[in-house]
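Results of the structural survey
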Amino acid sequence: MMENIGDKFEHIRVVGRGAFGSVHLCQRLSDRKQVIIKEIPVEQMTREEKQQSLSEAKVHSKLDHPNIIAYYDHFLGEKSIVIVMEYAAGGTLYDYLQQRHGAFLQEEVVGTPCYISPELCEGKHYNQKSDIWALGCVLYELLTLKRPFEATNLPALVLKIMHGSFAPIADHYSSELRQMLLSMLHRDPQKRPTIRQIIVQPIIFGLMYCLYTDIGTIPCISRSSQRPSFSSPVQLQGFVAEHPDSALPVQKDCSEKDVECKMEPAVSCSAVYYWGGSYSTPHHLPLPCSDTEIVSISLGRTQMAGLTRDGRVILWKTKEKEDTTRTTQAKIPSSDSSVFYPVFLEEKAGVHIVQIVCGNLFTLLLTDRGILLSFGSGSNGCLGHGDYNDVSQPKIVEELLGVDVKTVACGSSHVVVLTREHSMYTWGRGQNGRLGLGKSDSYVLPQKVPLLAACEPEQIFCGHDCTFLLTSTKEIYACGNNRHNKLAVDTPSHPHKEEAYMFVPVKTFPDIQVKSVGAGASHTAFLSEQGEVYTVGSNQDGRLGTETTEIIPNRIIKVEGFGTSKVSQIACGDSFTVALTENGDVYTWGNSGGGRLGDPSIAGSRPSKISMLPCGDGKSIATAVSCSGAHTLLATRCMKRPD
């Protein structure tokens, strides 16, 4: 029985039923026009299936063509999804053929056997690869203005298709296009590409990206008007030419805005600082332009990355030759900060990045279209490309092209992805159960994480060898290494868990709503919605932020010492913690060895403000922080400009 249509439509009759619903002919009361209403029961559907049905209706609403049934409306009832569509009054094709009473059709309204695949000609089993063949035939016709296979009768056409030979396309087309066409028209369906593989081809991906970004854009003289160029196999690759003898990169494609910002003696919009290891105090890192505005940063074992407000990625490199072998760690030189120089991802790539995360020798980028890219070392399979090969430039994680990625996080050797449909995927090193897949196996391709039905992830956070997720109902789940109870899953009634191979609930926060999580090697810091910090795990070196370094087993500690300020961000290194307050101050505590705390005057287990940073002084405030091992990367924003 149809629901919620009585006030808008008058039911005439049922015109069809199927396994997935029923189709009704109705009359719209507002204009007495006949319409078709498709009713799809949703009582037995999962939440994901319901969302997919609604998404299909939304896609249908965007189609406008005389040869496509028009969409009018849709709505979700308690028991069904109702879609209102155009009524094709002429009936079905079967009805039309019956009405001709044996009179043959003219050849021009007959179907298109010219596009059928070899396996269809042989009567063999077929799949989506037959569609790729047909798509290749259409592409060939667009390039040559004639069909690849034509004959005067059907048997002759079948023979030509089975033989698989056709005239080559003109030489003025690129070799990449010709090669893609040949692969689509391969006689063996197994050797034809999938649609996913076609989309990520250089000649296709750039055009498809522009189909969306060019619509409704406003010309801007401060940015290059050149369309994106995707000429290499990786698509989004390549960095602006680097100059190892200069603190600043040589930018051959500087925009007008870039030139202006170099000429003006303006105060920097942002400043980035680095400390730890050989740097016991914050060292200022150079930026490409004085008005570069950094909105987020990420620090890995050897990588330092920043994201600008306009979606560009900056990597800080060193003049020393980096050691890229898998057996030894590339070390940052222990000299002046001028050894660092910034490098932009190529401007012409035309992709807007919204998130960057750095792991152990690898980096991941997320675009505003929900596409994930990765590059760096493939030693732990963290690139997600199905192998352990290194990739020097950003490459799309093809396995996730079918999902809309919301956010990404990574530990030293594993990656976690959250989609907008609240699904999670993990890959990389699986030791200690950090992937949440129920075992310690490692994976080189994204794996969907099995979650409880009631668990709807909203945020994800990674430590060195563990993973946390926050749900829409503000619950916390964790998996991975639970050394010193850093996952906060131990309770008096349950023995200590060394490792959690599946996501288990963190039950130690009954009255606290957690906003974010920072995890170190043996301790974890939780930031509440109220701006309070709580720690758990090992208290060695005072890393829990208490007055003493005594062992505090299975207890959540509230960290005091921030005055009246609320904490806005937290990050954990291997044995220390850094906290940013709302007024822009930077506090740190824990192990002071190796320059970890960024201020030689700080030596204690209580939070202390780093006095060597120009933050919280009314001129600049700390905006983002990232920690890795014994190092910290900090971004600040200028609040005043000179008169």
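Residues numbered from 1 in each chain as written. Predicted model: local features only at pLDDT ≥ 70, side-chain atom pairs only at ≥ 80, totals over all residues. Heavy atoms only, no water.

**Structural notes on the overall build of the protein**
Selection criterion: The helix and strand labels rest on DSSP assignments: H or I over at least four residues marks a helix, E over at least two residues marks a strand, and numbering proceeds from the N terminus. Buried means the residue's accessible area, taken with a 1.4 Å probe over protein chains only, is under 20% of the maximum for its type, while exposed means over 50%, and partly exposed covers the values in between. What makes two residues a contact is simply this: any of their non-hydrogen atoms within 4.5 Å.
Helix and strand counts for the protein come out as nine helices and 33 strands. Relative to its full complement of 643 residues, the protein shows a buried share of 48%. Relative to all contacts within the protein whose residues are 6 or more apart in sequence, the contacts with residues 24 or more apart total 53%.

**Let's talk about the packing of aromatic side chains**
Put simply, the rule is: Only rings of Phe, Tyr and Trp enter the pairing, Trp through its six-membered ring, and a pair is recorded when the two centres are within 6.5 Å. The plane angle decides the type: under 30 degrees is stacked, over 60 is edge-to-face, the rest tilted.
For the structure on display, the rule yields nine aromatic pairs. A ring pair is formed by Phe468 and Phe526, whose centres lie 5.8 Å apart and whose planes are at 85°; its orientation type is edge-to-face. Here Phe526 lies in strand β25 (residues 523–528) and Phe468 lies in strand β21 (residues 466–471), a separation of 58 residues in the sequence. The class of Phe468 is buried, set by a relative accessible area of 0%.

**A look at the packing of helix α4 (residues 128–144) against helix α6 (residues 175–184)**
Any two packed helices are characterised by how steeply their axes cross, that is the angle between the axes, and by the distance between the axes. Selection rule: Axes here mean lines fitted to C-alpha atoms, for a helix over just the part in contact, with angles spanning 0 to 180 degrees between N-to-C directions. Throughout, the term roughly parallel applies to angles under 35 degrees, roughly antiparallel to angles over 145, roughly perpendicular to angles from 65 to 115, and oblique to all others. For any pair of crossing helices, the crossing counts as left-handed if the nearer helix is rotated counterclockwise from the farther one by less than a right angle, and right-handed if it is rotated clockwise.
The interhelical angle for the contact between α4 and α6, taken along N-to-C directions, is 140°, at an axis separation of 8 Å. In terms of orientation, α4 and α6 fall into the oblique class. Every pair of crossing elements has a handedness; the one defined by α4 and α6 is left-handed. Residue-level contacts link Ile132, Trp133, Leu135, Gly136, Leu139, Tyr140 and Leu143 of α4 to Leu177, Met180, Leu181 and Met184 of α6.

**So, the sheet that holds strand β14 (residues 372–376)**
Operational definition: Paired strands, as defined in this entry, are two strands with at least two bridges between them according to DSSP.
With antiparallel pairing, four strands are arranged side by side in an open sheet as β12-β13-β14-β15. Strands at the two margins of the open sheet, each flanked by one partner only, are β12 (353–358) and β15 (391–396). Pairs of neighbouring strands in the sheet enclose a mean axial angle of 15°, with direction left out of account. Note: strand β13 (residues 362–367) against β14, five bridges, orientation antiparallel. Its bridge partner lying in β14, Leu365 is registered against Leu373.

**Some thoughts on helix α5 (residues 154–163)**
This is how it is decided: Here the arc refers to the directions that run from the helix axis out to each C-beta atom.
All of the buried residues in α5 are Leu157, Ile161 and Met162. Down the axis, α5 shows its buried residues gathered within 135° of arc, on one side only. Across from the buried face of α5, at angles greater than 90 degrees, the exposed residues are Pro155, Leu159 and His163. Just downstream of α5 lies Gly164, where phi reads positive at about 75°.

**Comments concerning the side chain of Ser22**
Just so we agree on the cut-off: Polar contact is defined as a pair of N or O atoms within 3.5 Å, subject to the rule that within protein one atom must be able to donate a hydrogen and the other to accept it, and that residues adjacent in sequence are counted only when both atoms are side-chain atoms.
In this fold, Ser22 is placed in strand β2 (residues 21–28). A polar contact of 2.9 Å, which involves the side chain of Ser22, links it to the side chain of His24.

**Overview of unusual backbone geometry**
The phi torsion at Leu145 lies on the positive side, around 65°, for a residue other than glycine. Within the element layout of this structure, Leu145 appears in the loop between α4 and α5. Relative accessible area serves as the criterion here: at 74%, Leu145 is assigned to the exposed category. The phi dihedral of Ala488 falls on the positive side, at around 60°, and the residue is not glycine.

**Describing α4**
Test applied: Multiplying one less than the number of residues by 1.5 Å gives the expected span of a helix.
Given a rise of 1.5 Å per residue, 17 residues ought to cover 24 Å, and the 25 Å separating the end C-alpha atoms of α4 matches this to within 8%. The set of residues buried in α4 consists of Lys129, Ser130, Ile132, Trp133, Gly136, Cys137, Leu139, Tyr140, Leu143 and Thr144. Taken together, the buried residues of α4 touch α3 (118–121), α5, α6 and α7 (195–199). You can read the cap of α4 off the contacts: a side-chain oxygen lies 2.9 Å from the backbone nitrogen of Lys129, and it is on Asn127. Leu145 occupies a position one or two residues after α4 and carries a positive phi of about 65°.

**Considering the sheet that holds strand β31 (residues 608–609)**
The pairing of strands in a sheet happens through backbone hydrogen bonds and is either parallel or antiparallel. Judged by pairing direction, the sheet is antiparallel, and its four strands sit side by side in the order β28-β29-β30-β31 without closing on themselves. Whereas interior strands pair on both sides, the edge strands pair on one side only; in this sheet they are β28 (567–572) and β31. In this sheet, strand β29 (residues 576–581) lies alongside β28 in antiparallel orientation, the contact comprising five bridges. Looking at β29, one finds that Gln569 is bridged to Leu580.

**Quick look at the pattern of salt bridges**
Spelled out, the test is: Every case where a carboxyl oxygen of Asp or Glu lies within 4 Å of a side-chain nitrogen of Lys or Arg is listed as a salt bridge.
Applying the stated criterion to the full structure yields 14 salt bridges. Ionic pairing is found between Arg32 and Glu10, a salt bridge with its closest N-O pair at 3.5 Å. Pair noted here: Arg32 is in the loop between β2 and β3 (33–41) and Glu10 is in strand β1 (residues 9–18), with a separation of 22 residues, a long-range link. Close ionic contact of Arg420 with Asp404 constitutes a salt bridge, the shortest N to O distance being 3.5 Å. Here Arg420 is found in the loop between β17 (414–419) and β18 (424–428), whereas its partner Asp404 is found in the loop between β15 and β16 (405–410), with 16 residues between them in sequence. For Asp404, a relative accessible area of 29% puts it in the partly exposed group.

**Brief notes about the environment of Cys114**
The topology assignment puts Cys114 in the loop between α2 (93–99) and α3. Residues Cys114 and Arg147, spaced 33 residues apart in sequence, show a C-alpha to C-alpha distance of 7.4 Å. Discounting chain neighbours no more than four positions away, the residues touching Cys114 are Cys137, Arg147, Phe149, Leu157 and Ile161.

**Some words on the confidence of the model for the protein**
Convention followed: As a per-residue measure, pLDDT tells how confident the predictor is, with possible values from 0 to 100.
Mean pLDDT for the protein: 80, with 80% of residues reaching 70 or above. Low pLDDT, under 50, characterises residues 212–267; the stretch is placed with 111 contacts to residues that sit more than four places away or in other chains. Contacts from residues 321–337, a stretch scored under 50 in pLDDT, to residues over four places away or in other chains number 25 contacts.

**Description of the side chain of His523**
By the secondary structure assignment, His523 is in strand β25. On the basis of relative accessibility, which here comes to 0%, the residue His523 falls in the buried class. Engagement of the side chain of His523 in a polar contact is seen with the side chain of Thr577, the distance being 2.9 Å.

**Focus on the pairing of strand β9 (residues 304–308)**
Most of β9 sits out of view: five of its five residues are buried. Of the two faces of β9, the one lined by Met304, Gly306 and Thr308 and the one lined by Ala305 and Leu307 are each fully buried. Pairing of strand β8 (residues 294–299) with β9, which is carried by five bridges, proceeds in the antiparallel orientation. Its bridge partner being in β9, Ile297 is matched across the sheet by Gly306. In sequence, β8 turns back onto β9 through a hairpin of four residues. Inspection of the sheet shows β9 paired to strand β10 (residues 313–318) by three bridges, in the antiparallel sense. Bridging from a neighbouring strand, Leu307 pairs with Val313 of β10. Hairpin remark: β9 followed by β10, antiparallel, with four residues in the connecting loop; positive phi at Gly311, about 80°.

**Some thoughts on the state of the cysteines**
Which entries qualify depends on this criterion: Criterion for a disulfide: a pair of cysteine sulfur atoms within 2.5 Å.
All told, the structure shown has zero disulfides when counted by the stated rule. With no disulfide partner, Cys627 has as its closest neighbouring cysteine sulfur the one in Cys572, 7.3 Å distant. For Cys627, a relative accessible area of 13% corresponds to the buried category.

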